[in-house]
Structure formats: C-alpha cells, structure tokens
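This is what each chain is made of:
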Amino acid sequence: MTMDKRIIKTKNNIKQTLIRMLKSKSFDDITVKELCEEAQTSRITFYTHYSDKTELASDIFEDMQIRAKEEYYRLQNENNSAADIVCDYLNILDSILNIYYTNYDFFGHTRSSESPTLNYMYFKIIDETIGQKIEKDKDRLNPRYPLSMTCDFICSGIKGFINAGRRDGLSGEEIRPMARELLKRLLENEVVRK
C-alpha cells in the first residue's frame, strides 16, 4: 500500500524540523509543542502520525536503516561479487559510516551524554543490522565465541570506535580506514572466528 503524498510530505517536514532543531537544542529538551510550532503544523497533525517525539525519532532511524541497507547492497554489487565474508562486513561498516556521516546533522546528536534516548536507538539500529547479518552468516562466519557475544562485541566495537573518533575530533574519512583495518584484522585472524 502506497502512502499518500501529502502524508509523506507532512511526515518529512516534521522529521526535517526535528533534525534542524537538534542544532540548537538537545532531543530531550525539545517539546512536541515547540516542534509543531517550528514545523508550522498542528499538534493534532503531529499526533495523527506519531504518539510522541520518540516514535518520530524511531521513524527517522528506520529511514536511515533502509538507506544503510540500500547502500550495503550497492557496495556488495560493486565490490563483492565473490561474496567474501570479510568484504561483507567491511561493506556493512562502510554503509553505516556513509549513512552516519551523510546524515551527521542527525547522528551527531546520538551521544549518550547528549541524548540517552537517541544513543540507545542508534545502538539498537547497529545491533539489529549487524546482528541479523551475523545470525544469517553464523555457519560461514564460524564464530569462536557464542553468537550473541560475538555480535555484541562487534556492534559495541563499531559504535565505540565511531564515538571515540568523533570525540577526538576525527572526520569520517579519518575514522574509516582505521575502522576497516581493525574489523578486517579481527575477522581474518582467528580472534573472532575459528
């Protein structure tokens, strides 16, 4: 079922307004009333689409997750026709970094110190994306440790590496080669895999 263009336009306006507001105010401090005023939409319209601002943020994250998956499939088609397992995970990392830095005006506000809510949602997206991939690839990946622990280790590592690089003032292009090298070494050297 296709969504009405007016609904899409209204929801996009609300989403983009929240992202713009994050430049000057933390997510936890933004009220629905302020958001509606800034978006020039009524609270009735807002609540027609979202139960609260957390559901709105979740919708933004879902959009980003869809884009990251599309980016991953594009990268797979471009550079992994042989379906190499290490390249699979490097492409996942690259798709996460590409979406993260292309949408930094949103993701730049996902630090736990700024918004525990957005931070949790951000980690959940990474965990779901990589967790589903690891579960699907468990036989090919052949993890040395329990699957859930391997998944948490890789997900926490990626998220932590990005956040630490950001905290240290590194750009996405500075973080990318280091993160790729670290992940590649983990997957190739029997640290994570048997």
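Note that the structure is predicted; figures quoted are calculated from it, not measured.

Student: Give a detailed account of the pattern of salt bridges, specifying residues and quantitative values.
Tutor: Side chains bearing opposite charge may pair, as long as their charged atoms lie close to each other. Per the counting criterion, the structure on display carries 20 salt bridges. A salt bridge links Glu-78 to Arg-74, with the shortest nitrogen-to-oxygen separation between them at 2.4 Å. Here the residue Glu-78 and the residue Arg-74 both occupy positions in helix α4 (residues 53-79), the gap between them amounting to four residues, near one helical turn. Measuring nitrogen to oxygen at the nearest pair gives 3.0 Å for the salt bridge that ties Arg-176 to Asp-94. Taken as a pair, Arg-176 in helix α10 (residues 172-188) and Asp-94 in helix α5 (residues 85-102) lie far apart in primary sequence, 82 residues in all. The residues Arg-176 and Asp-94 share a single accessibility class, namely buried. What emerges from the salt-bridge pattern is a single network uniting Lys-11, Lys-15, Asp-59 and Asp-63.

Student: Break down the side chain of Thr-150 for me, with residues and values.
Tutor: Tracing the sequence through the fold places Thr-150 in helix α9 (residues 147-167). The class of Thr-150 is buried, set by a relative accessible area of 3%. Not counting chain neighbours up to four residues away, the residues in contact with Thr-150 comprise Pro-143, Tyr-145 and Val-192.

Student: Report on unusual backbone geometry, specifying residues and quantitative values.
Tutor: Here Ala-83, not a glycine, exhibits a phi torsion of approximately 55 degrees, which is positive. Relative to the assigned elements, Ala-83 resides in the loop between α4 and α5. Phi at Asn-142 is positive, roughly 50 degrees, even though this residue is not glycine. Along the chain, Asn-142 falls in the loop between α8 (138-141) and α9. For Asn-142, a relative accessible area of 34% puts it in the partly exposed group.

Student: So what about the packing of α5 against α9? Which residues, and what values?
Tutor: Direction vectors running N to C along α5 and α9 enclose 40 degrees, while the axes themselves pass 12 Å from each other. On the basis of the axis angle, α5 is oblique to α9. Taken as a pair, α5 and α9 cross one another with a handedness that is right-handed. Taking contact as the criterion, the partners of Leu-93, Ile-96, Leu-97, Tyr-100 and Tyr-101 in α5 are, on α9, Ile-158, Ile-162, Asn-163 and Arg-166.

Student: Pulling in residues and values, what's your account of α9?
Tutor: Taking 1.5 Å of rise per residue, 21 residues should cover 30 Å, and α9 covers 30 Å from first to last C-alpha, within 8% of that figure. Within the span of α9, buried status applies to Thr-150, Cys-151, Ile-154, Cys-155, Ile-158, Lys-159, Ile-162, Asn-163, Gly-165 and Arg-166. Looking one or two residues beyond α9, the residue adopting positive phi is Gly-169, at roughly 80 degrees.

Student: An account of the nonpolar core is requested, with residue identities and associated values reported.
Tutor: In terms of nonpolar packing, the biggest core is built from 50 residues, with Phe-106 and Ile-130 touching the most fellow members. Looking at this core, the elements with two or more residues in it are α1 (5-21), α2 (32-39), α4, α5, α6 (104-107), α7 (116-136), α9 and α10. Of the residues forming this core, the biggest block, 10 residues, is contributed by α5. Sequence-distant contacts of Ile-130, that is, excluding residues within four places in its chain, are made with Ile-92, Ile-96, Cys-151, Ile-154, Cys-155 and Ile-158.

Student: So what about the packing of aromatic side chains? Which residues, and what values?
Tutor: For the structure on display, the rule yields 12 aromatic pairs. For the ring pair Phe-46 and Tyr-47, a centre distance of 5.2 Å and an interplane angle of 90 degrees mean the geometry is edge-to-face. Judged by its relative accessible area of 0%, Phe-46 falls in the buried class. Of the residues examined, Tyr-47 reaches a relative accessible area of 39% and is grouped as partly exposed. Geometrically, the ring pair formed by Tyr-100 and Phe-107 is stacked, given 5.3 Å between the ring centres and 25 degrees between the ring planes. Judged by relative accessible area, Tyr-100 falls into the buried class, the value being 1%. Taken together, the ring pairs connect Phe-61, Tyr-100, Tyr-101, Tyr-104, Phe-106, Phe-107 and Tyr-122 into an aromatic cluster. The lysine or arginine in question, Lys-133, covers the ring of Tyr-89, its NZ or CZ lying 5.9 Å from the ring centre.

What counts as what
- Residues numbered from 1 in each chain as written.
- Predicted model: local features only at pLDDT ≥ 70, side-chain atom pairs only at ≥ 80, totals over all residues.
- Heavy atoms only, no water.
- Salt bridge = Lys/Arg side-chain N within 4 Å of Asp/Glu carboxyl O.
- Helix = DSSP H or I, 4+ residues; strand = E, 2+ residues; numbered from the N terminus.
- Buried < 20%, exposed > 50% of the residue type's maximum accessible area, 1.4 Å probe, protein only.
- Contact = heavy atoms within 4.5 Å.
- Axes fitted to C-alpha atoms, helices over the stretch in contact; angles between N-to-C directions.
- Parallel < 35°, antiparallel > 145°, perpendicular 65-115°, else oblique.
- Left-handed = near helix turned anticlockwise from the far one by under 90°.
- Expected span 1.5 Å × (residues − 1).
- Core = buried A, V, L, I, M, F, W, Y, C linked by side-chain atoms within 4.5 Å.
- Phe/Tyr/Trp six-rings, centres within 6.5 Å; stacked < 30°, edge-to-face > 60°.
- Lys NZ or Arg CZ within 6 Å of the ring centre and 35° of its normal.

Functional significance is not addressed by these values, which are geometric in nature.
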